[in-house]
Amino acid sequence: MVHAAKKSGAEKASGDKAIGEVAALAKIAEMPEPYRAMGERLHDIIMRNAPVLRPTTWYGMPAYEKGGKVVCFFRGGEKFKERYMTLGFNQEANLDEGHLWPIAFALTELTAAEEERIAALVKKAVS
């Protein structure tokens, strides 16, 4: 009788991350332009600036979780017939600033300035 080797916690987490990334990238690939290109860039920005996050899907949207809780997500404008892409953060994101702070952003174009701001937000969210 052959027994399958047990995976270590790190191996399982790595496999889960890969499966989640495939699902998130598939959702991005389904987006019409210009959201698809923006989604690919957002995915790259998030993964480079918050490698502790695990890609997944959440309510049919690409999302990024830590410890089983979604920290941030995005959706194309087509989902709710909006004129912009939405980048959102959930309560697990460490973005608190006093008694009022933004948790969602409308995005119509992804320039270097927006990329820099998003990178800073994502880093702060997981700090």
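All of these numbers come straight from a predicted model, not from anything done at the bench. (Residues numbered from 1 in each chain as written. Predicted model: local features only at pLDDT ≥ 70, side-chain atom pairs only at ≥ 80, totals over all residues. Heavy atoms only, no water.)

Undergrad: Before we go on, may I ask you to explain the pattern of salt bridges in this structure?
TA: Between side chains of opposite charge, a pair can form when the charged atoms approach closely. If you walk through the whole model with that rule in mind, you get 8 salt bridges. One salt bridge connects Glu-30 with Lys-27, and the closest N-O pair in it is separated by 3.6 Å. Of the two residues, Glu-30 and Lys-27 both sit in helix 1 (residues 9–30), 3 residues apart, roughly one turn of that helix. Judged by its relative accessible area of 57%, Glu-30 is exposed. With a shortest N-O distance of 3.0 Å, Asp-44 and Arg-41 are connected by a salt bridge. Taken together, the residues span about one helical turn, with Asp-44 and Arg-41 both in helix 2 (residues 35–49) at a distance of 3 residues. On the basis of relative accessibility, which here comes to 29%, the residue Asp-44 falls in the partly exposed class. Residue classification places Arg-41 among the partly exposed residues on the basis of a relative accessible area of 29%. (Salt bridge = Lys/Arg side-chain N within 4 Å of Asp/Glu carboxyl O. Helix = DSSP H or I, 4+ residues; strand = E, 2+ residues; numbered from the N terminus. Buried < 20%, exposed > 50% of the residue type's maximum accessible area, 1.4 Å probe, protein only.)

Undergrad: What should I look at first to understand the confidence of the model for the chain in this one?
TA: A low pLDDT means the predicted coordinates there should not be read in detail. Across the chain, pLDDT averages 90, with 87% of residues at or above 70. Here residues 1–5 is modelled with pLDDT under 50, and outside its nearest four sequence neighbours on either side it reaches 0 contacts, counting other chains as well. Here residues 7–12 is a poorly scored stretch, pLDDT under 50, and it has 2 contacts once near neighbours within four places are set aside; other chains count. (pLDDT = per-residue confidence, 0-100. Contact = heavy atoms within 4.5 Å.)

Undergrad: Is there a simple way to think about unusual backbone geometry in this case?
TA: Trans is the prevailing form of peptide bonds, just as negative phi is the prevailing case for residues other than glycine. The amide bond that connects Glu-33 to the next residue, Pro-34, takes the cis arrangement and shows omega of 5°. By the secondary structure assignment, Pro-34 is in the loop between helix 1 and helix 2.

Undergrad: Just checking my understanding: could you explain the sheet that holds strand 5 (residues 104–107) for this structure?
TA: The strands making up a sheet associate through backbone hydrogen bonding, with each pair oriented either parallel or antiparallel. Taken in spatial order, the 5 strands make up an open sheet running 1-2-3-4-5, and their pairing is antiparallel. Each edge of the open sheet is held by one strand with a lone partner, namely strand 1 (54–58) and strand 5. Pairwise comparison of adjacent strand axes, ignoring direction, gives a mean angle of 25° for this sheet. As paired strands, strand 3 (residues 69–75) and strand 4 (residues 85–89) are joined by 4 bridges and run antiparallel to one another. Each bridged residue has a counterpart across the sheet, and for Phe-74 the counterpart in strand 4 is Leu-87. (Pairing = 2+ DSSP bridges. Axes fitted to C-alpha atoms, helices over the stretch in contact; angles between N-to-C directions.)

Undergrad: Which parts of the structure should I look at to understand helix 2?
TA: Residues that lie three or four places apart on an α-helix share one face, since the helix turns once every 3.6 residues. An ideal rise of 1.5 Å per residue puts 21 Å on 15 residues; helix 2 measures up with 21 Å between its terminal C-alpha atoms. Of all the positions in helix 2, only Tyr-35, Met-38, Gly-39, Leu-42, His-43, Ile-45, Ile-46, Met-47 and Asn-49 are classed as buried. (Expected span 1.5 Å × (residues − 1).)

Undergrad: Looking at this structure, I do not really get the packing of aromatic side chains. What am I missing?
TA: By convention here, two paired aromatic rings are described through the distance between centres and the angle between planes. A full pass over the atoms with the stated rule returns 4 aromatic pairs. For the pair Trp-58 and Phe-73, a centre-to-centre distance of 5.0 Å together with 50° between the ring planes defines the contact as tilted. One end of the pair, Trp-58, is in strand 1; the other, Phe-73, is in strand 3, with 15 residues separating them in the sequence. Note on Tyr-64 and Phe-74: the rings are 6.2 Å apart at their centroids and 25° apart in plane angle, and the pair reads as stacked. With Tyr-64 in strand 2 (residues 61–66) and Phe-74 in strand 3, this pair connects stretches of sequence that are 10 residues apart. According to the relative accessible area criterion, Tyr-64 is buried, its value standing at 0%. (Phe/Tyr/Trp six-rings, centres within 6.5 Å; stacked < 30°, edge-to-face > 60°.)

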